[in-house]
Amino acid sequence: MRCVDVVVVGDGIAGCAAAIALAQSGVSVGLVRQADSHGVDIPETLAPIAMPLLKQLGLDVELVDQTFPRIRSRLSRWGRGPMQRNDMLPRPAAALLLGKQKLHALLRCKLGQLDCEAFDVEQIAAVEQLDGGTALHLRMPNASREQEIAGRMVIDATGRAAAVAHRLGFRRRMYDSLVSFWIAGAAGDSLWQTTVTATVHDGWIFYVGTDTGQGALGFFTAGSHVGRKPTAASIVERVRGIAEIAEAITSCSDWAGSSVATRNAATTMLEQPCGPGWIACGDALQTIDPIASSGILTALKQGILAAEATRATLIGDATPLSAYVHAARREFREVMSYRKRYYGLQS
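Residues numbered from 1 in each chain as written. Predicted model: local features only at pLDDT ≥ 70, side-chain atom pairs only at ≥ 80, totals over all residues. Heavy atoms only, no water.

Describe the overall build of the protein chain, listing the residues and the values that go with them.
Secondary structure assignment for the protein chain yields 10 helices and 20 strands. Relative to the globule expectation of 20 Å for 347 residues, the C-alpha radius of gyration of the protein chain, 21 Å, shows essentially globular dimensions. Based on the C-alpha atoms only, the size of the protein chain along its principal axes is roughly 60 × 45 × 40 Å. Look at the contacts in the protein chain between residues 6 or more apart in sequence, and 70% of them connect residues 24 or more apart. Carbon together with sulfur atoms contributes 50% to the accessible area of the protein chain, which is approximately 15900 Å² in total. The average position of the 35 basic charges and that of the 33 acidic charges among the side chains of the protein chain differ by 5 Å. (Helix = DSSP H or I, 4+ residues; strand = E, 2+ residues; numbered from the N terminus. Rg over C-alpha atoms; globule rule 2.2 N^0.38 Å. Contact = heavy atoms within 4.5 Å. Areas by Shrake-Rupley, 256 points an atom, 1.4 Å probe, with all protein chains shown as cover. Lys, Arg positive; Asp, Glu negative; His and termini not counted. Charge placed at Lys NZ, Arg CZ, Asp CG, Glu CD.)

Here's what the structure looks like:
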């Protein structure tokens, strides 16, 4: 059995942030990641207040700024009101337009420079709590025997699956059934580096215009109301009443023929954020309504804070862990309150 101080399970944004922060502090880290786990890159935004977090993790923030364009403008029409426009000036106050996979690649590159052993696995077969630690039984690709790794602490950063917490018997509380359907295509320059949020009769639309002449369009709706997966053509039809987006889509036929990527967008919270020998962070802990545009920021912040709480726990100080749990629950309540007020504007 391989033994380390901390096992980080999951190498998404939160998992990489936690592993980097721990490895930088001299803690021995084992990173368990699922092989071939990355799919279609859905565009997201990252608030500029995340830049100090990236710098804390050792990333070159100038390189980050050069890699990702800034949002030039945000348009929003919620309910029956007029379209609101917010031009993002001055530039340092504007959000970055990701390429989530590019940001992930930068984090993995940084992690590769540190002393952190990675394990590519097919599945976590079992989680076993031991005296003084937690052991994971791993099913490896092209191997007949399971491999075991144990840590004095385990950080669950496995996203919505919450694989460690789930195998320890904990479940998620579901607050809605929100789901999103994404299409992409060529776009005009009227919404270059611009986001548009607008309601439609059965949900809401999020459009992102990139700096490369392309656009991405997400249709968000309650999964409980979806009889079958919408076609690209039906999504295009929904935005014909949103003049700004309709103008930007230069070839409706191309968009109507786009493949449709489905994403679970439900708001959820793990019923218990930590326990003896483990702690959850990022989407494993909670998933936040995308209307808040704070998923990646939360993942970075919680990854770092989970690492700090874990490191303190290793030396017998439980105060940071308690503070982490209280802060996570408080921030989730604040997001839920914001969401309730925001959706209340829809009519």
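Kindly report on the sheet that holds strand E4 (residues 73–77), identifying the contributing residues and their values.
Taken together, 7 strands build an open sheet; the order of strands is E5-E4-E13-E14-E15-E12-E16 and the sheet is mixed. Edge positions in the open sheet fall to strand E5 (84–87) and strand E16 (261–264), since each of these has one partner strand only. Each adjacent strand pair in this sheet contributes to an overall mean axis angle of 15 degrees, direction not counted. Taken together, the 7 bridges between strand E13 (residues 194–200) and strand E14 (residues 203–209) define a ladder with antiparallel strand orientation. Along E14, the bridge assignment pairs Thr-194 with Gly-209. (Pairing = 2+ DSSP bridges. Axes fitted to C-alpha atoms, helices over the stretch in contact; angles between N-to-C directions.)

Account for the pairing of strand E15 (residues 214–222), with residues named and values stated.
Within a regular strand, side chains alternate between the sheet's two faces. Burial analysis of E15 places 7 of its 9 residues in the buried class, which makes it a mostly covered element. By the bridge criterion, 9 bridges tie strand E12 (residues 178–186) to E15 in an arrangement that is antiparallel. Of the residues in E15, the one forming a bridge with Ser-180 is Phe-220. Bridge count for E14 against E15 is 6 bridges, and the pairing is antiparallel. Bridge assignment links Ile-205 to a residue of E15, and that residue is Phe-219. The antiparallel pairing of E14 with E15 creates a hairpin that spans 4 residues between the two strands, and Gly-213 there sits at a positive phi of about 80 degrees. (Buried < 20%, exposed > 50% of the residue type's maximum accessible area, 1.4 Å probe, protein only.)

I'd love a proper account of the nonpolar core, names of residues and values included.
In terms of nonpolar packing, the biggest core is built from 75 residues, with Leu-46 and Leu-300 touching the most fellow members. If you tally residues by element for this core, the top one is helix H1 (residues 13–24), at 10 residues. Once residues within four sequence positions are removed from consideration, Leu-46 is found in contact with Leu-54, Ala-95, Leu-96, Leu-98, Leu-103, Ile-296, Leu-297 and Leu-300. (Core = buried A, V, L, I, M, F, W, Y, C linked by side-chain atoms within 4.5 Å.)

Pulling in residues and values, what's your account of the layout of surface pockets?
Considered as a void within the structure, the second largest pocket measures approximately 430 Å³ in volume. Lining the second largest pocket are 24 residues, and of these Asp-41, Pro-43, Leu-98, Gly-99 and Thr-210 sit closest to its centre. In terms of residue class, the lining of the second largest pocket is built from 13 nonpolar, 8 polar and 3 charged. (1 Å grid on protein atoms, 1.4 Å probe; cavity = no way out; pocket = protein on both sides within 12 Å on 5 of 7 lines; lining within 4 Å. Points joined across faces, edges and corners; volume = space filled by probe spheres on them. Nonpolar A, V, L, I, M, F, W, Y, C, P; charged D, E, K, R; others polar.)

Got a sec to walk through the pattern of salt bridges? Specific residues and values, please.
Applying the stated criterion to the full structure yields 14 salt bridges. The closest approach of N and O atoms between Arg-108 and Asp-11, which form a salt bridge, is 3.4 Å. Here Arg-108 is found in helix H4 (residues 100–112), whereas its partner Asp-11 is found in the loop between strand E1 (2–9) and H1, with 97 residues between them in sequence. With a relative accessible area of 30%, Arg-108 lands in the partly exposed category. Take Asp-11: its relative accessible area is 5%, and that puts it in the buried class. Taking the shortest distance from any N to any O, the salt bridge between Asp-176 and Arg-339 comes out at 2.3 Å. Of the two residues, Asp-176 is situated in the loop between strand E11 (172–174) and E12 and Arg-339 in helix H10 (residues 319–343); the sequence distance between them amounts to 163 residues. Bridged by salt links that share partners, the residues Asp-176, Asp-289 and Arg-339 form one connected network. (Salt bridge = Lys/Arg side-chain N within 4 Å of Asp/Glu carboxyl O.)

Quick one: what's the story with the packing of helix H9 (residues 295–314) against H10, residue by residue and with numbers?
For the pair H9 and H10, the least separation of the axes is 8 Å and the interaxial angle reads 155 degrees. One way to sum up the angle between H9 and H10 is to call them roughly antiparallel. Contacts between H9 and H10 involve Lys-301, Gln-302, Leu-305, Ala-306, Ala-309, Ala-312 and Thr-313 from the first element and Pro-320, Leu-321, Tyr-324, Ala-328 and Glu-331 from the second. Broken down by class, the residue content of the contact of H9 with H10 amounts to 8 nonpolar, 2 polar and 2 charged. (Parallel < 35°, antiparallel > 145°, perpendicular 65-115°, else oblique.)

Can you break down the sheet that holds strand E17 (residues 268–270) residue by residue, with the values?
Spatially, E11-E17-E20 is the arrangement adopted by the 3 strands of the open sheet, whose pairing is antiparallel. Strands with a single pairing partner mark the edges of an open sheet, and in this sheet they are E11 and strand E20 (286–287).

Which residues make up the environment of Tyr-207, and what are the values?
Along the chain, Tyr-207 turns up in strand E14. Sequence spacing of Tyr-207 and Leu-75 is 132 residues, and the spatial spacing of their C-alpha atoms is 9.5 Å. Setting aside residues no more than four positions away along its own chain, Tyr-207 makes contact with Ala-187, Leu-191, Thr-194, Thr-195, Val-196, Gly-215, Ala-216, Leu-217, Ile-245, Ala-248 and Trp-255.

Which residues make up empty space enclosed by the protein, and what values go with them?
Once rolled over the atoms, a probe with the size of a water molecule shows which space is left empty. Counting across every chain of the model gives 1 cavity of 30 Å³ or more. Taken as a whole, the largest cavity holds about 30 Å³ of empty space. Along the walls of the largest cavity sit Gly-282, Asp-283, Gln-286, Ile-288, Gly-295, Thr-298 and Ala-299, which together make up its complete lining. Sort the elements by how many residues they give to the lining of the largest cavity and H9 lands first, with 3 residues. Residue composition of the lining of the largest cavity, grouped by class: 2 nonpolar, 4 polar and 1 charged.

Any link to function would need more than the numbers given here.
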